[in-house]
Amino acid sequence: MAKLKKRDQSLDGSGLTHCKFALVFAVLMDFLGVAALLTGVFAPLEIKGRDFGDLLVYSGALLILFSMAGWVMWYSGNIEGLAVGKELNYKRSAVDRLARSLSRRIRRPHRSRSEP
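Note that the coordinates shown come from a computational prediction; the quantities given were computed from them, not determined experimentally.

1. Section: the overall build of the chain
- When helices and strands are counted, the chain shows four helices and two strands.
- Buried residues in the chain amount to 11% of all 116 residues.
- A sequence separation of at least 24 residues applies to 69% of the contacts in the chain between residues at least 6 apart.
- For the chain, the accessible area works out to roughly 10,600 Å², and carbon and sulfur atoms hold 65% of it.

2. Here's the deal with a nonpolar patch on the surface
- A surface patch of nonpolar side chains, about 400 Å² in accessible area, is lined by V34, L38, V41 and F42.
- Mapped onto the elements of the fold, F42 is located in helix α2 (residues 20-42).

3. Section: the packing of aromatic side chains
- Per the counting criterion, the structure on display carries one aromatic pair.
- Ring centres 5.7 Å apart and planes at 85° place the aromatic pair W71 and W74 in the edge-to-face group. Residue W71 and its partner W74 are both found in helix α3 (residues 53-77); the two are separated by three residues, about one turn of the helix.
- On the basis of relative accessible area, W71 is assigned to the partly exposed category, the value being 28%.

Criteria and cut-off values
- Residues numbered from 1 in each chain as written.
- Predicted model: local features only at pLDDT ≥ 70, side-chain atom pairs only at ≥ 80, totals over all residues.
- Heavy atoms only, no water.
- Helix = DSSP H or I, 4+ residues; strand = E, 2+ residues; numbered from the N terminus.
- Buried < 20%, exposed > 50% of the residue type's maximum accessible area, 1.4 Å probe, protein only.
- Contact = heavy atoms within 4.5 Å.
- Areas by Shrake-Rupley, 256 points an atom, 1.4 Å probe, with all protein chains shown as cover.
- Patch = residues over 30% accessible without salt bridge, like charges linked within 9 Å, V, L, I, M, F, W, Y side chains within 5 Å.
- Salt bridge = Lys/Arg side-chain N within 4 Å of Asp/Glu carboxyl O.
- Phe/Tyr/Trp six-rings, centres within 6.5 Å; stacked < 30°, edge-to-face > 60°.

Geometric values such as these leave the question of function open.
Shown next as structure tokens:
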């Protein structure tokens, strides 16, 4: 029964809307970037003898690059959480202990030796 509920939740699409702002940002940047890119390639854009097509081509490429950041944020925001180690009967290894000790050392404020 639990598997059926999980399947129904994945089919209704409600899980894809956790990061609506990132999704709107990515789609908007895609649309604007493609529009600028195609306008720069196909439209004759000369003003006072200067060609501005290259400006739109480069601007469109940058907007599409920005949209990739939006897609990464949206995708990473929709990833379901991983199972906690305790749920998986997880045993701490030497690598985990080393990582935790290094993390604690980095987080600790550094004390200067000149302070009394």
